[in-house]
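# Report on the structure
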Amino acid sequence: MEFITGYTLEELKERITGLGLEPYRANQILSWVYKKLTTDFNLMTDLPKKAREDLSKVFSFHPLRLEDRVEAPDATKFLFRTQDGHLVETVLIKERDHLTLCVSSQIGCAVGCTFCATAMDGLIRNLTAAEIVDQFLQVQQVTEERIRNVVFMGMGEPLANYDNVRKASQIMVSPWGLDLSKRRVTISTSGIVSQLKRMARDPFMRELNLAVSINSPRQDLREELMPLTKTNTLKELMEVLKNFPLPRYRRITLEYILIKDVNDSVKEARQLAKLIGPYKKKFKVNLIPYNPDPNLPYERPPLERILSFQRELWDRGVSTFVRFSKGADVFGACGQLRSRRVMLKSHLHETHPEMAR
Ligand code: SF4
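Residues numbered from 1 in each chain as written. Predicted model: local features only at pLDDT ≥ 70, side-chain atom pairs only at ≥ 80, totals over all residues. Heavy atoms only, no water.

### With respect to the overall build of the protein
Let me state the cut-off plainly: The secondary structure listing takes helices from DSSP runs of H or I that are at least 4 residues long and strands from runs of E that are at least 2 residues long, numbered from the N terminus. Computation of the radius of gyration draws on C-alpha atoms, with the globule rule given as 2.2 Å multiplied by the number of residues to the power 0.38. Residue burial is assigned from relative accessible area. The probe radius is 1.4 Å, only protein chains are included, and a residue is buried under 20% of its type maximum, exposed over 50%, and partly exposed in between. Should any heavy atoms of two residues lie within 4.5 Å, those residues are considered in contact. Per-residue and other accessible areas were derived by the Shrake-Rupley procedure at a 1.4 Å probe size, with only the shown protein chains allowed to occlude residues. Charge counting treats Lys and Arg as positive and Asp and Glu as negative, with His and both chain ends excluded. Where a charge sits is defined by one atom per residue type, namely NZ (Lys), CZ (Arg), CG (Asp) or CD (Glu).
Looking only at helices and strands, the protein features eleven helices and 14 strands. Here the protein has a C-alpha radius of gyration of 21 Å; the compact-globule value for 357 residues is 21 Å, and the two agree. Over its C-alpha atoms, taken along the principal directions, the protein stretches across nearly 70 × 55 × 40 Å. Sorting the 357 residues of the protein into buried and exposed places 54% on the buried side. Pairs at least 24 residues apart make up 65% of the contacts formed inside the protein by residues separated by at least 6 positions. Within the structure as shown, the protein displays about 16,200 Å² of accessible surface, and the carbon and sulfur contribution to it stands at 51%. Within the protein, one finds 54 positive and 44 negative side-chain charges whose respective centroids are separated by 5 Å.

### Considerations on the site of the ligand
The test is simple: When we say a residue is near a molecule or strand, we mean one of its heavy atoms is within 4 Å of it. Think of it as three bins: nonpolar holds Ala, Val, Leu, Ile, Met, Phe, Trp, Tyr, Cys and Pro, charged holds Asp, Glu, Lys and Arg, and polar takes everything else, Gly as well.
In the neighbourhood of the ligand, eight residues make up the surrounding shell, with Cys109, Cys113, Cys116, Ala119 and Gly156 lying closest. Within the shell around the ligand, the residues separate by chemical class into six nonpolar, two polar and no charged.

### Things to note about the sheet that holds strand β4 (residues 75–82)
Definition in use: In this scheme, strands are said to pair when DSSP sees at least two bridges between them. Note on geometry: axes are lines fitted to C-alpha atoms, helical ones only across the stretch in contact, with angles between N-to-C directions running from 0 to 180 degrees.
The ten strands lie next to each other as β3-β4-β5-β6-β9-β10-β11-β12-β13-β14, forming an open sheet whose pairing is mixed. The two strands at the open ends of the sheet, each matched to only one other strand, are β3 (64–72) and β14 (320–322). Shown here is a sheet whose adjacent strand axes are inclined to one another by a mean of 20°, direction ignored. Pairing of strand β6 (residues 99–102) with strand β9 (residues 149–152) involves three bridges; the strand directions are parallel. Note on β9: the bridge partner recorded for Leu101 is Val150. Each of β3, β4, β5 (87–94), β6 and β9 is contacted by helix α4 (residues 129–141), which is oriented at about 55° to β3, the strand it contacts most.

### A word on a nonpolar patch on the surface
Stated formally: Patches draw on residues past 30% relative accessible area with no salt bridge. Two like charges within 9 Å are joined, as are two nonpolar side chains (Val, Leu, Ile, Met, Phe, Trp, Tyr) within 5 Å. The term salt bridge refers to a pairing of a side-chain nitrogen on Lys or Arg with a carboxyl oxygen on Asp or Glu at a separation within 4 Å.
Together, Leu303, Leu307 and Phe324 line one region of the surface with nonpolar side chains, adding up to about 260 Å² of accessible area. Tracing the backbone through its elements, the reader meets Leu307 in helix α10 (residues 303–315).

### Focus: helix α5 (residues 162–173)
Condition: By this rule the span expected of a helix is its residue count minus one, scaled by 1.5 Å.
With twelve residues, α5 ought to run about 16 Å at 1.5 Å a step, and its terminal C-alpha atoms sit 16 Å apart, in line with that. Taken residue by residue, α5 has Tyr162, Val165, Ala168, Ser169, Ile171, Met172 and Val173 as its buried positions. Its buried side turned inward, α5 meets α2 (25–35), α4, β9, β10 (185–189) and α6 (193–201).

### Some details on the packing of aromatic side chains
Threshold: Aromatic rings from Phe, Tyr and Trp, with only the six-membered ring used for Trp, were paired whenever their centres fell within 6.5 Å, and each pair was classed as stacked if the ring planes differed by under 30 degrees, edge-to-face if by over 60, and tilted otherwise.
Within this structure, the stated rule accounts for seven aromatic pairs. With 6.0 Å between their ring centres and 85° between their planes, Tyr290 and Tyr298 make a pair best called edge-to-face. Judged on exposure class, the residue Tyr290 and its partner Tyr298 are both buried. When the centroid spacing of 6.0 Å and the interplanar angle of 85° are considered together, the rings of Trp314 and Phe321 count as edge-to-face.

### A short note on the confidence of the model for the protein
Reading predicted coordinates in detail is not appropriate for stretches of low pLDDT. Our working definition: A residue's pLDDT is the confidence the predictor assigns to it, expressed on a 0 to 100 scale.
Model confidence for the protein is summarised by a mean pLDDT of 90, while 91% of its residues fall at 70 or above. Contacts for the low-pLDDT stretch residues 328–357, under 50 throughout, to residues beyond four places or in other chains number 64 contacts.

### Describing the pairing of β6
Burial of β6 is two-sided: the residues Leu99 and Leu101 facing one way and the residues Thr100 and Cys102 facing the other way are all buried. Across four bridges, the pairing between β5 and β6 is antiparallel. Within β6, the residue paired with Lys94 across the bridge is Leu99. Hairpin remark: β5 followed by β6, antiparallel, with four residues in the connecting loop.

### Side note on the nonpolar core
What tends to happen in soluble globular proteins is that the nonpolar side chains get buried as a cluster. Spelled out, the test is: We call a set of buried residues a nonpolar core when its members are Ala, Val, Leu, Ile, Met, Phe, Trp, Tyr or Cys and they connect through side-chain atoms within 4.5 Å of each other. What fixes the domain bounds is an automatic or database domain assignment.
Formed by 82 residues in total, the largest nonpolar core has its most connected members in Ile29 and Leu241. Summarising the domain contributions, this core has at least three residues from each of domain 1 (2–60) and domain 2 (64–348). Excluding residues that lie within four positions of it along the chain, Ile29 makes contacts with Ile4, Leu12, Ile16, Phe41, Met44, Leu47 and Leu55. Core analysis: the second largest hydrophobic core is formed by 17 residues, Cys109, Cys113, Ala119 and Leu225 among them.

### Some thoughts on helix α9 (residues 266–276)
Spelled out, the test is: Directions pointing from the helix axis toward each C-beta atom define the arc.
Buried residues of α9: Glu268, Ala269, Leu272, Ala273, Leu275 and Ile276, and no others. An end-on view of α9 places all buried positions within 155° of arc, on one side of the element. Every exposed residue of α9 that faces more than 90 degrees away from the buried side is listed here: Lys267 and Lys274. Elements in contact with the buried residues of α9: α7 (219–225), α8 (234–242), β12 (252–258), β13 (283–289) and α10. Gly277 sits one or two positions beyond α9 and adopts a positive phi of about 55°.

Right under this line is the structure:
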């Protein structure tokens, strides 16, 4: 079976022409899929009966199966199972006046950040465009309010899965697709320099929002926290970001996970301001106090230390915001729900094998 959510409009036109259907039928099909959230060809009443039957033999709708759902007051975490048996997590974040969906782009991750539970497994594989779009569709199907914001901030490094993330984003922002605003789709990367250069040259991708995990203004500490940065140095990263062609009135977000006694001193805040230098209008900083994980040796700084760090940056003219990650009381930072589930399962295998399914 092929998944309909893996096709752009143009690709679907070509594919269904091969099945003997007129190209304009692709618009009708995608309107059912993305506007009416239909998952049954029989309900697509503007298609001839024969076409509906033929299409159901070739395509299906969901590459992912919803396996679990964890509710917190300000977020819901969805756990999906892929057809080849892997777990994928997606988080719906309830902001004051809108919803944001945090999607995964890979199973596992090769970047290896020492503070991240996803990194423990290494990279297993890239998600397909259909699997990325399906996270949105399935969550939207069970959510009354329309989801208007997407961040690629779940499991995985989105720019290491460039082509699939690009295609999924195209489906998300196209009028024939989910019709989101380009400004409301954010690529959050650990800063792979070659892929950022590719993004800068790509007229479609560079119109999306860009967030980059900086996490330290010092090369040595950054290497320790994010091993990938040995070859994607701070100097190279800042150079590509300072030259990145942004749409008007847009800024690059520098994400900074604040970890107690690791990267949270005011000295580091000053170094970060220095790193940004005269490009203050091009960047804003998001400080994200770390969500402790029982398997990792890091802690969250006390509030006054977080606020001192922020004040130091504001005093130097850098727009800086503190973002507590939502649902922290039920689950932590990226990858943690999945890792806990995997751990729970291996524990159950040893103790109650009948429950570990
Ligand atoms: S924080 Fe993000 S980039 Fe780093 S290992 Fe985890 S998923 Fe990968």
